[in-house]
Amino acid sequence: MNAHAPLAHSADATNADEAIARQDAMTAAMTSEQATAVAMQDTLLTPRFYTTDFDEMDAIDVTPVRAEWDALIARMKADPNRGHFKKNEDWDHVDWEGMDPVLRAEFIDFLISSCTAEFSGCVLYKEMKRRGSNEDITTLFQLMARDEARHAGFINDALREAGIAVNLGFLTQQKKYTYFRPKFIYYATYLSEKIGYARYITIYRHLEKHPEHRFHPIFKWFREWCNDEFSHGEAFALLMRTDPKLTSGRNVWWIKFFLTAVFSTMWIRDHQRPVFHDALGVDTAWYGQEVFRKTSEISRQVFPITLDIDHPRWRPNLDRMERGSVQVARGRARGGLGGTATRLAGMAKCGWGFVALYTIPAIRHDMPESSVMEPAY
Ligand SMILES: [Fe+2]
Ligand SMILES: [Fe+2]
C-alpha cells in the first residue's frame, strides 16, 4: 500500500515547498473510501493479492514430512490464540485527535498496509482451501485463512476508532490479482510470514523495554500475533521440504532474488514512515537490520543461502534504492516531461541498487536435518 506520500523529511532544501505540500496531503483527514483506495493500489511496494496454479498446489504430497506436518496441524487446530484478537481491558483509550498529525498519518498508513497484507494472505489461503481436494492442504489453508482473517479484522477494528475502515469485501472483488507460479508463492509467502514474525516480535520486545513509546495499544497484541505468523512460515517451510528441487540448483537464484526483493522493499517502505519510527523510539535502519538478521537466521531452516547483510555494499545500496524511490514518487507527483525524467532517473537508481545488492555473494550453509523451529525471539 501507499499513497506515498513521499518522504516529508527530505533534506533537500530546494524541495521544501513540495515537502510541505506532501505533509499537508498526508495529514488531511482520511475517509474510509480513501483508505480503501490506498489499499487498492498496486505498485512494486504495496501489498498485492496473489493467485496461483491451485491444482499444482493441491497435488503436494506431504508424506516426506508427515510427522512434523501432523504435529504442526494439531497445534494450529488447538488454536491457542482463539479469543486473543479482541479488545479487552488492556486496550487503552487512543487519543486520535490529540495525536501529532504526521504521526497519525504515518501510523494510519502502517495500519492500512498491514491490514492489506494480512488480508492478502487470507484471500489466497481461502481460495486454496476452496479449490483444493487434498485434505492435508485444504486443512492447512483453512487454518491459516482463519488466522489472517482475525488479524486483518483486528487491525480494521483499530482503524475504525480513527473513523476509518478498509472495505475488505470490495478489495476481494476489485483489487488486481497477481499470478505467481506455486514455487514463487512458496518463497514469497514463506518469507512474508517469517519477516512478519520478525517485525512484530522486534517491535514487541523493544516496547517491553520502553513502554513509554507504546503510543497505541495494538502493539500489546503483537507477541501472540507473531506466533501465528511463525506457524504459517513453518507450514511453508514444510511444503518446500517435500521437494528438494525447490531449494537447490537454479532455484537458489530465485530464493536469492526473493530475499533481496523482500528485504529491500521493507527497507524502502519503512523509511517512508520516519515519524512513526521516531514515536516508537526505533531507529529505522537499526530496526531493518535487526529484522533482516532474525529472518536470515530463521530462514536457514529451509533456504541453503542467506544474504550477507554485513557486506560493505549492503547498506549503501539499500539507501540508494531508498533515494531512488523518493525520486520516483517526486517525479510521479510532479508529472509532465520533467516529472517523467525524474521518475526514470529514480527507477534507474533503484535498478542499479537492486543489481548491486543481488550480486553480493550469498552465504551458503548446510540445511538442518529437520526444518522445525520454535519462535525463540
Ligand atoms: Fe497474519
Ligand atoms: Fe500469516
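Residues numbered from 1 in each chain as written. Chains lettered and ligands numbered in written order. Predicted model: local features only at pLDDT ≥ 70, side-chain atom pairs only at ≥ 80, totals over all residues. Heavy atoms only, no water.

**Structural notes on the overall build of the chain**
Here comes step 1: Counting its secondary structure elements, the chain contains 14 helices and 4 strands.
Here comes step 2: Against the compact-globule benchmark of 21 Å for 377 residues, the chain has a radius of gyration of 20 Å, which places it among compact chains.
Here comes step 3: Based on the C-alpha atoms only, the size of the chain along its principal axes is roughly 60 × 50 × 40 Å.
Here comes step 4: Burial statistics for the chain: of 377 residues in total, 55% are counted as buried.
Here comes step 5: Considering only contacts in the chain between residues 6 or more positions apart, those separated by 24 or more positions represent 85%.
Here comes step 6: Of the roughly 16600 Å² of accessible surface on the chain, 54% is carried by carbon and sulfur atoms.
Here comes step 7: With 46 positive and 50 negative side-chain charges, the chain shows a separation of 5 Å between the mean positions of the two kinds. (Helix = DSSP H or I, 4+ residues; strand = E, 2+ residues; numbered from the N terminus. Rg over C-alpha atoms; globule rule 2.2 N^0.38 Å. Buried < 20%, exposed > 50% of the residue type's maximum accessible area, 1.4 Å probe, protein only. Contact = heavy atoms within 4.5 Å. Areas by Shrake-Rupley, 256 points an atom, 1.4 Å probe, with all protein chains shown as cover. Lys, Arg positive; Asp, Glu negative; His and termini not counted. Charge placed at Lys NZ, Arg CZ, Asp CG, Glu CD.)

**Let's talk about the coordination of the iron ion (ligand 1)**
Here comes step 1: Note on the iron ion (ligand 1): its protein donors are E118 (OE), E148 (OE), H151 (ND1) and E229 (OE). The metal-donor distances range over 1.8 to 2.2 Å.
Here comes step 2: Coordination at the iron ion (ligand 1) comes from 4 donor atoms whose angles at the metal span 90 to 151°, giving a geometry best classed as irregular.
Here comes step 3: Metal-to-metal, the separation of the iron ion (ligand 1) and the iron ion (ligand 2) is 3.5 Å; E148 coordinates the two. A residue pair is termed a helical-turn pair when its members lie 3 or 4 positions apart in one helix, as E148 and H151 do in helix α6 (residues 135-161) at 3 residues.
Here comes step 4: Residue E148 is classed as buried on the basis of its relative accessible area, which comes to 3%.
Here comes step 5: Since its relative accessible area comes to 0%, H151 is described here as buried. (Donors = N, O, S within 2.8 Å, 3.2 Å for Na, K, Ca; no water. Tetrahedral: all angles 85-135°; square planar, octahedral: opposite > 155°, others 65-115°.)

**A word on the coordination of the iron ion (ligand 2)**
Each pair of donors in an ideal four-coordinate tetrahedral metal site encloses 109.5 degrees, whereas pairs in an ideal six-coordinate octahedral site enclose 90 or 180 degrees.
Here comes step 1: The iron ion (ligand 2) binds to the protein through E148 (OE), E193 (OE), E193 (OE), E229 (OE) and H232 (ND1), with metal-donor distances spanning 1.9 to 2.6 Å.
Here comes step 2: Counting along the primary sequence, the residues that act as donors to the iron ion (ligand 2) give the motif E-x44-E-x35-E-x2-H.

**A look at the packing of helix α10 (residues 251-271) against helix α13 (residues 314-334)**
A pair of packed helices is captured by two measures, namely the crossing angle of their axes and the spacing between those axes.
Here comes step 1: Packing of α10 against α13 leaves a shortest axis separation of 9 Å and a crossing angle of 55°. For the element pair α10 / α13, the angle class is oblique. Crossing of α10 over α13 shows right-handed handedness. Here α10 contributes F263, S264, W267, I268 and H271 to the contact with α13, which in turn contributes W314, R315, L318, D319, M321, E322 and S325. (Axes fitted to C-alpha atoms, helices over the stretch in contact; angles between N-to-C directions. Parallel < 35°, antiparallel > 145°, perpendicular 65-115°, else oblique. Left-handed = near helix turned anticlockwise from the far one by under 90°.)

**Topic: the pattern of salt bridges**
Should the charged atoms of two oppositely charged side chains come close, the side chains can pair.
Here comes step 1: Under the criterion given, the structure shown has 21 salt bridges.
Here comes step 2: A salt bridge links D157 to R160, with the nearest nitrogen and oxygen atoms 2.8 Å apart. Here the residue D157 and the residue R160 both occupy positions in helix α6, the gap between them amounting to 3 residues, near one helical turn.
Here comes step 3: Its relative accessible area of 46% is what places R160 among the partly exposed residues.
Here comes step 4: A single network of salt bridges, built from pairs that share partners, joins D79, R82, R146, D147 and R150. (Salt bridge = Lys/Arg side-chain N within 4 Å of Asp/Glu carboxyl O.)

**Regarding the nonpolar core**
Here comes step 1: Ranked by size, the top nonpolar core spans 107 residues in total, and within it F141, I218 and L239 carry the most contacts.
Here comes step 2: Take this core: its biggest share by element is 15 residues, from helix α8 (residues 182-209).
Here comes step 3: Those residues within four positions of L239 in sequence are excluded, and the remaining contacts are I60, V62, W69, I137, L140, F141, Y186 and L246. (Core = buried A, V, L, I, M, F, W, Y, C linked by side-chain atoms within 4.5 Å.)

**What to know about the packing of α8 against helix α12 (residues 284-299)**
Here comes step 1: Between α8 and α12, the least distance of the axes is 9 Å, while the angle of their chain directions is 130°. As judged from the angle between their axes, α8 and α12 are oblique. Judged by the sense of rotation from one axis to the other, the crossing of α8 with α12 is right-handed. Residue-level contacts link Y190, L191, K194, I195, Y197, A198, R199, I201, T202 and I203 of α8 to W286, Y287, E290, V291, K294, T295, I298 and S299 of α12.
Here comes step 2: Tallied by class, the residues present in the contact of α8 with α12 amount to 11 nonpolar, 3 polar and 4 charged. (Nonpolar A, V, L, I, M, F, W, Y, C, P; charged D, E, K, R; others polar.)

**Considerations on the confidence of the model for the chain**
Here comes step 1: On average, residues of the chain score 90 in pLDDT, and 92% of them are at 70 or above.
Here comes step 2: When mean pLDDT is compared element by element in the chain, α12 scores highest at 98, while helix α1 (residues 16-27) scores lowest at 49.
Here comes step 3: The low-confidence segment residues 1-16 (pLDDT under 50) makes 42 contacts with residues lying over four places distant or belonging to another chain. (pLDDT = per-residue confidence, 0-100.)

**Details of the packing of aromatic side chains**
Here comes step 1: Within the structure shown, the criterion is met by 44 aromatic pairs.
Here comes step 2: Where F107 meets F215, the ring centres are 5.0 Å apart and the plane angle is 75°; that geometry is what we call edge-to-face. Note that F107 is positioned in helix α5 (residues 101-131) and F215 in the loop between α8 and α9 (222-241), a separation of 108 residues in sequence.
Here comes step 3: Taking the relative accessible area as the measure of exposure, F107 reaches 0% and is therefore buried.
Here comes step 4: Looking at F215, the relative accessible area reads 22%, which means it is partly exposed.
Here comes step 5: Ring centres 6.1 Å apart and planes at 85° place the aromatic pair F141 and F236 in the edge-to-face group. One end of the pair, F141, is in helix α6; the other, F236, is in helix α9, with 95 residues separating them in the sequence. Take F141 and F236: they sit in the same class, and that class is buried. (Phe/Tyr/Trp six-rings, centres within 6.5 Å; stacked < 30°, edge-to-face > 60°.)

**A closer look at the side chain of T178**
Here comes step 1: By the element assignment, T178 lies in strand β2 (residues 177-179).
Here comes step 2: A polar contact is formed between the side chain of T178 and the side chain of R48, at a distance of 3.1 Å.
Here comes step 3: Each residue touching T178, except ones within four places of it in the same chain, is listed here: R48, F49, Y50 and T51. (Polar contact = N/O pair within 3.5 Å; in protein donor to acceptor, adjacent residues only side chain to side chain.)

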